[in-house]
Amino acid sequence: MRTTLGVAVGTDVQAFDATLTALAAYNTNGLLTQTAADTFTGRTITGTSGEITVTNGNGVSGNPTLSLNSNLKLATLNFIIDGGGSAITTGIKGDIVVDFACTINSVTILGDQTGSIVVDIWKDTYANFAPTDADSITASAPPTISSGTKNQDATLTGWTTTINAGDILRFNVDSITSLTRCTVALKVTKT
């Protein structure tokens, strides 16, 4: 250990270090990145137009904030009930697993021809599979076509609209007249 003027190098002061010298020479505000040995540069977090918005990307005024465009949070969960050319029958028609948490905003139901159908939707966790009628999320307003080919509902009166990641939705035809194919489309916002 060498001492100069009563100061011990390595104990009282930092010994010469090329990395520290390069860092001391960097004099720009913002996010700092080491790109190679003893080489530093500034970086800024940027977004993609129409997809991700970045606030304070260089971190000078606080933490950078990333926001997704609200349209990227929208999705549609489609379930098709197909009688294979014959009239659809009542009963359970199948299940889907929802891989992301979301909120149901509306339901659209489409038939292949004029007819009537009522489809109930049951929801449960994977651990409690299989959903039953007691797990209905549609209350007294299930997706319904009444003597027509289509219907939409954005009110969802009494519905349980919250879906957790991994929840399973089961589709059950309560009543049917004439239709051989039907699509139930749930418009959701990812949460």
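The text that follows walks through the structure, step by step, so that each part is easy to find. This one's a predicted model, so the numbers in the text were calculated from it and none came from an experiment.

1. Topic: the overall build of the chain
If you tally the helices and strands in the chain, you get one helix and 13 strands. Going residue by residue from the N terminus, the α and β elements of the chain occur as β-β-α-β-β-β-β-β-β-β-β-β-β-β. For 191 residues, the compact-globule formula gives about 16 Å, and the C-alpha radius of gyration of the chain, at 30 Å, lies well above that figure. With respect to the principal axes defined by its C-alpha atoms, the chain has extents near 100 × 35 × 30 Å. Expressed as a percentage of the 191 residues in the chain, the buried residues total 29%.

2. With respect to the packing of aromatic side chains
What the rule picks out here adds up to one aromatic pair. Pairing F79 with F171 gives two aromatic rings, centres 4.2 Å apart and planes at 5°, and the pair type is stacked. Of this pair, F79 sits in strand β7 (residues 74–82) while F171 sits in strand β12 (residues 168–177); the two residues are 92 residues apart in sequence, bridging distant segments of the chain. Assessed through its relative accessible area of 8%, F79 is described here as buried.

3. Comments concerning the nonpolar core
Counting 28 residues, the largest nonpolar core has I117, W159, L169 and L186 as its most contacted members. Elements represented by at least two residues in this core include exactly β7, β9 (102–124), β12 and β13 (181–190). If you tally residues by element for this core, the top one is β9, at seven residues.

4. Description of the pairing of β12
Sheet topology note: the strand β8 (residues 91–97)/β12 ladder contains six bridges and is antiparallel. In the sheet register, G94 faces β12, and the bridge partner there is F171. Looking at chain direction, β9 and β12 are connected through nine bridges and run antiparallel. Across the sheet, residue V118 finds its bridge partner in β12, namely S175.

5. Brief notes about the environment of A87
Among the secondary structure elements, A87 is positioned in the loop between β7 and β8. The spatial distance from the C-alpha of A87 to the C-alpha of R181 is 7.8 Å, given a sequence separation of 94 residues. Residues contacting A87, with those up to four places away along its chain left out, are L179 and T180.

6. Considerations on unusual backbone geometry
For the bond from F129 to A130, the omega torsion is 20°, close enough to zero to count as cis. Take A130: it is sitting in the loop between β9 and β10 (144–153). The backbone phi angle of S147 is positive, close to 50°, even though this residue is not glycine. Counting through the fold element by element, S147 comes out in strand β10. If you check the backbone angles, S178 has positive phi at about 80° while not being a glycine.

7. What about the pairing of β13?
Looking at chain direction, β7 and β13 are connected through nine bridges and run antiparallel. Residue pairing in the sheet places L74 in a bridge with T189 of β13. Summarising the sheet, β9 and β13 pair through nine bridges and their orientation is antiparallel. Within β13, the position partnered with I109 by the bridge is V184.

8. Some details on a nonpolar patch on the surface
Together, I45, I52, L66, L68 and L72 line one region of the surface with nonpolar side chains, adding up to about 420 Å² of accessible area. Its location among the elements puts L68 in strand β6 (residues 65–68).

9. Focus on the pattern of salt bridges
Per the stated rule, a full pass over the model turns up two salt bridges. Close ionic contact of D95 with R170 constitutes a salt bridge, the shortest N to O distance being 2.6 Å. In this pair, D95 sits in strand β8 while R170 sits in strand β12, placing the two residues 75 residues apart along the sequence. For D95, a relative accessible area of 31% gives the class partly exposed. The class of R170 is buried, set by a relative accessible area of 12%. The partner of K123 in a salt bridge is D167, and the shortest N-O contact between them spans 3.8 Å. One end of the pair, K123, is in strand β9; the other, D167, is in the loop between β11 (162–163) and β12, with 44 residues separating them in the sequence. The exposure class assigned to K123 is buried, which follows from its relative accessible area of 17%.

What counts and how
- Residues numbered from 1 in each chain as written.
- Predicted model: local features only at pLDDT ≥ 70, side-chain atom pairs only at ≥ 80, totals over all residues.
- Heavy atoms only, no water.
- Helix = DSSP H or I, 4+ residues; strand = E, 2+ residues; numbered from the N terminus.
- Rg over C-alpha atoms; globule rule 2.2 N^0.38 Å.
- Buried < 20%, exposed > 50% of the residue type's maximum accessible area, 1.4 Å probe, protein only.
- Phe/Tyr/Trp six-rings, centres within 6.5 Å; stacked < 30°, edge-to-face > 60°.
- Core = buried A, V, L, I, M, F, W, Y, C linked by side-chain atoms within 4.5 Å.
- Pairing = 2+ DSSP bridges.
- Contact = heavy atoms within 4.5 Å.
- Patch = residues over 30% accessible without salt bridge, like charges linked within 9 Å, V, L, I, M, F, W, Y side chains within 5 Å.
- Areas by Shrake-Rupley, 256 points an atom, 1.4 Å probe, with all protein chains shown as cover.
- Salt bridge = Lys/Arg side-chain N within 4 Å of Asp/Glu carboxyl O.

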